[in-house]
Amino acid sequence: MRTSWDHAHTDFSTPPTDRPVPAGLADADWHHRIDPAPNGHLLRPDGNAMLRTLASGGPVHLLHLTRSLDAIRDSGRLLASTGCLVGAVYASPLTPLPGGALLPHNLGAHLLDNTRDLDSRRGSTPLVIEITPDRPAPPVGLDYLRLGAVHLRAYTSHRHTLTEAEDDHVTRSVTDRVHAAAPLLDLLLRTATGHPSLERLLLDALADTVPVMPYLGYLYFETVAEYLMLHSTSRTSRELAARGEMNNHLYKKLAFTAVDGTGTLFDVGRFRPDHDRLLELVASVEPGLADGAGEFVRDRLAYRFAVTALAPATDTMTFTFRSADTDVLARQAPHLLGQLLFRDVRLLDRYPQLFHLFERAKAGEAWAYWNERGIATPFNGTCGPKGEIGINPAHPTAAVTVWKAEMCSRGLVHPIEQVAALPAPRLAPWVFAPLRDRTEEDRWNNRTVAPA
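Residues numbered from 1 in each chain as written. Predicted model: local features only at pLDDT ≥ 70, side-chain atom pairs only at ≥ 80, totals over all residues. Heavy atoms only, no water.

Before going further, it helps to spend a moment on the overall build of the chain. Each helix and strand in the chain was counted, giving 17 helices and 11 strands. Here the C-alpha radius of gyration of the chain, 21 Å, is about what a compact globule of 452 residues would show, namely 22 Å. Seen through its principal axes, the chain has C-alpha atoms that stretch 60 × 50 × 40 Å. Put simply, the chain has 452 residues, and 57% of those count as buried. Summed over its atoms, the accessible surface of the chain is roughly 18100 Å², and 51% of this surface lies on carbon and sulfur atoms. Seen as two clouds, the 46 positive and the 52 negative side-chain charges of the chain have centres 3 Å apart. (Helix = DSSP H or I, 4+ residues; strand = E, 2+ residues; numbered from the N terminus. Rg over C-alpha atoms; globule rule 2.2 N^0.38 Å. Buried < 20%, exposed > 50% of the residue type's maximum accessible area, 1.4 Å probe, protein only. Areas by Shrake-Rupley, 256 points an atom, 1.4 Å probe, with all protein chains shown as cover. Lys, Arg positive; Asp, Glu negative; His and termini not counted. Charge placed at Lys NZ, Arg CZ, Asp CG, Glu CD.)

This is the structure:
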C-alpha cells in the first residue's frame, strides 16, 4: 500500500526525488526541460509561496467555499470531498495582511469572482480556516493521474459487492476501450521511447480517442495547463509569479473555452481539441505561446502517459496494448487499468449506492498515509503546486479554527464570525453523480476512433 501512495505523490523538494519509471524512455528526467521555463522556479519551495508556508510549520490560512453552512453549524463538521485530493476538505491559500484581512491566492480569487457564474459555487459562503500543524509539512503534492494502483486495489477489494453481470460488464468495457484505443496508446509509447511522431498525427488521434477513453482527456488537459502556467509571460502571470503563485486563470479560461458545460461540471474528461484547435485555444489564452505548444504537449503527454500507465518493470519499447486482457494489464499496465476501472464502475446504475464503499477505502488509506508523513494540508501537485490545497480531516494533532467570512470591494477576505466546526473524516455525498454518469456513458456510446 505504501508503495502505491508514494508513487501517487510528487516531491517538490530541491533537488526533486526521482521515482522508478518504466524502462526504455528516451527522456526519463523531465526536470531539465521544465525547470528552465519562465515560471519553473514556482515548482520549488524557494519560489512558491504555498510551499514556503507549508515548509515553515507555522499557521496555514485557507479559503473554503460552502453551500452547506447551516449543516456545518448544526453538525459541527466540515466533510471531505472526493476528487483530485481523494478525501480532503478542498480549499485555496490565503495570505494574512496587517489589520486582519486576508489576500486570496489567485485560484481563490477566481472562484470568488465567479460564484454567480458557476452552478457548483452559486450561493456559496466563504469560510476562513486556520490550521496550525504540529510540525512543518514536507513539500509533497498528490498527483491524481498517478492513483491508478490505488483505484485498482479498491476495485479488487470491493468487486465482491458487484453482481456477476456488473463485474463482467465493467471488465469487458475496460478491455474494449483499451483495444479500441490501442493504436493511439502504442503511438504514445513509441513517442515516449524517442521514435518521432508528427504533432498533428498524434494530437488528432488523441482527440478522436478521448471519447473512448476519457482518462486521456484528463491527461491531455493537465499537460496543456502545465504548459500554459510554466511558460506564460503575460503581465498577470509575472505579477502572480512575483507573489510566488502559478497563474490559475490560464487553465480556467482554457477549460471554459474548450469544454461546454464547464460552469456546471468541471469535467475535463471531455477535453479533446485536435491539433489545429489546440493551437487556437492556446493562442486565445496567450497568443505568444501557440508556437511551442504542439511539440511540448506531444512529448510531455507521451512521457506522462508511460509513467502513469505502466508498471516500472514494464519495457516501454516492447509492450503493446493490442489484444491485452485484464490479466496482462494488471501485470504490465496496472495504473492504467485502475484508472479505467475507477471510471467505468461509476457508470453502473447502482454506483450511487456503492460510492461510499469504494471511495471511503481510498480516503482511509490517504488519511493514514498523510498522518504517517505528518501532512495536515495535502495539495494537488498534478501539474505543479498551483494552489489547490486541502485539509486532512483525520490529522490527529493539527489545531483548526473556522470563521464565516465575507469579501470586500478590494477583493480581500475578512473573518466575521467564528464557526464551531472542525474537519471530520467523513465523505460528503457525490453531488454530481447523475450528470457525470450520463455524460460519460454518452461519450462511450457515441464513440468514433480514427486509426493512429
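From this point, the narrative continues.
Further remarks concern the pattern of salt bridges. In the structure shown here, the tally under the stated rule is 23 salt bridges. Here R172 ties to D168 by a salt bridge, and the two come within 2.8 Å at their closest N and O atoms. Residue R172 and its partner D168 are both found in helix α7 (residues 164-192); the two are separated by 4 residues, about one turn of the helix. Exposure remark for R172: the relative accessible area of 43% places this residue in the partly exposed category. Overall, D168 belongs to the partly exposed group, its relative accessible area being 39%. (Salt bridge = Lys/Arg side-chain N within 4 Å of Asp/Glu carboxyl O.)

Right, let's talk about unusual backbone geometry for a bit. In this model, V86 sits at a positive phi of 65°, which is unusual for a non-glycine residue. Tracing the sequence through the fold places V86 in the loop between β3 (77-80) and β4 (89-96). Backbone geometry at S323 places phi at a positive 70°, although glycine is not the residue there. Note that S323 resides in the loop between α13 (290-309) and α14 (326-332). Exposure remark for S323: the relative accessible area of 67% places this residue in the exposed category.

Attention now goes to the packing of aromatic side chains. Under the defined criterion, the tally for this structure stands at 14 aromatic pairs. On the basis of an interplanar angle of 40° and a centroid distance of 6.0 Å, the ring pair of W30 and Y303 is categorised as tilted. Of this pair, W30 sits in the loop between β1 (9-11) and α2 (31-34) while Y303 sits in helix α13, and the two are 273 residues apart along the sequence. The same class applies to W30 as to Y303, namely buried. It is R343 that lies over the ring of Y218; its NZ or CZ is 4.6 Å from the centre. The ring of F342 carries the charged tip of R346 above its face, separated from the ring centre by 4.8 Å. (Phe/Tyr/Trp six-rings, centres within 6.5 Å; stacked < 30°, edge-to-face > 60°. Lys NZ or Arg CZ within 6 Å of the ring centre and 35° of its normal.)

What follows concerns the environment of D70. Considering the arrangement of structural elements, one finds D70 in helix α4 (residues 69-75). For D70, a relative accessible area of 58% puts it in the exposed group. With 235 residues separating them in the primary sequence, D70 and F305 have C-alpha atoms 43 Å apart.

A few words on the pairing of strand β10 (residues 413-419). Alignment of strand β9 (residues 399-407) against β10, held across 6 bridges, turns out to be antiparallel. Bridge pairing in β10 places W403 opposite Q418. What sits between β9 and β10 in their antiparallel hairpin is a turn of 5 residues, with G411 showing a positive phi close to 85°. (Pairing = 2+ DSSP bridges.)

With that settled, consider helix α16 (residues 351-373). Taking 1.5 Å per residue, 23 residues should reach 33 Å; α16 reaches 32 Å between its end C-alpha atoms and fits that length. The largest bend in α16 is about 25°, located at R360. Following α16 by one or two positions, G374 adopts a phi angle in the positive range, close to 75°. (Expected span 1.5 Å × (residues − 1). Bend = angle between axes of the 7 residues up to and from the residue.)

The next thing to look at is the side chain of R343. Mapped onto the elements of the fold, R343 is located in helix α15 (residues 334-345). Assessed through its relative accessible area of 7%, R343 is described here as buried. Among the polar contacts listed, one links the side chain of R343 to the side chain of Q339, at a separation of 2.6 Å. (Polar contact = N/O pair within 3.5 Å; in protein donor to acceptor, adjacent residues only side chain to side chain.)

Here the focus is the confidence of the model for the chain. In the predicted model, the chain carries a mean pLDDT of 92, and 92% of its residues have values of at least 70. pLDDT under 50 marks residues 432-438. Its contacts with residues more than four places away, or in other chains, come to 13 contacts. (pLDDT = per-residue confidence, 0-100. Contact = heavy atoms within 4.5 Å.)

Counting 123 residues, the largest nonpolar core has F305, F321 and L336 as its most contacted members. Broken down by element, this core gets its largest block of residues, 12 residues, from helix α9 (residues 215-231). Sequence-distant contacts of F305, defined by excluding residues within four places in its chain, comprise L185, L188, L189, L216, L219, L310, F321 and L336. In terms of nonpolar packing, the next biggest core, distinct from the first, is built from 9 residues, L94, L102, V128 and V413 among them. (Core = buried A, V, L, I, M, F, W, Y, C linked by side-chain atoms within 4.5 Å.)

This paragraph deals with the packing of helix α12 (residues 275-285) against α13. Remark: α12 packs on α13, axes separated minimally by 9 Å, with the N-to-C direction vectors making an angle of 130°. Comparing the axis directions of α12 and α13 gives the class oblique. In the packing of α12 onto α13, the handedness of the crossing is right-handed. Contacts from L278, L279, V282 and A283 of α12 reach α13 at A290, A293, G294 and V297. Taken together, the residues of the contact of α12 with α13 break down into 7 nonpolar, 1 polar and no charged. (Axes fitted to C-alpha atoms, helices over the stretch in contact; angles between N-to-C directions. Parallel < 35°, antiparallel > 145°, perpendicular 65-115°, else oblique. Left-handed = near helix turned anticlockwise from the far one by under 90°. Nonpolar A, V, L, I, M, F, W, Y, C, P; charged D, E, K, R; others polar.)

The next thing to look at is the layout of surface pockets. Of the voids in this model, the second largest pocket is the one considered here, and its volume is about 550 Å³. In terms of lining residues, the second largest pocket is bounded by 30 residues, among which T10, R19, H31, I34 and R300 are the most central. A total of 5 residues in the lining of the second largest pocket trace back to one element, the largest contributor, which is α13. In terms of residue class, the lining of the second largest pocket is built from 11 nonpolar, 8 polar and 11 charged. (1 Å grid on protein atoms, 1.4 Å probe; cavity = no way out; pocket = protein on both sides within 12 Å on 5 of 7 lines; lining within 4 Å. Points joined across faces, edges and corners; volume = space filled by probe spheres on them.)

Using the criterion set out here, one finds 0 disulfides in the structure. Among the cysteines around C84, which has no disulfide bond, C383 carries the closest sulfur, lying 10 Å off. Residue class for C383 comes out buried when judged on its relative accessible area of 3%. (Disulfide = S-S within 2.5 Å.)

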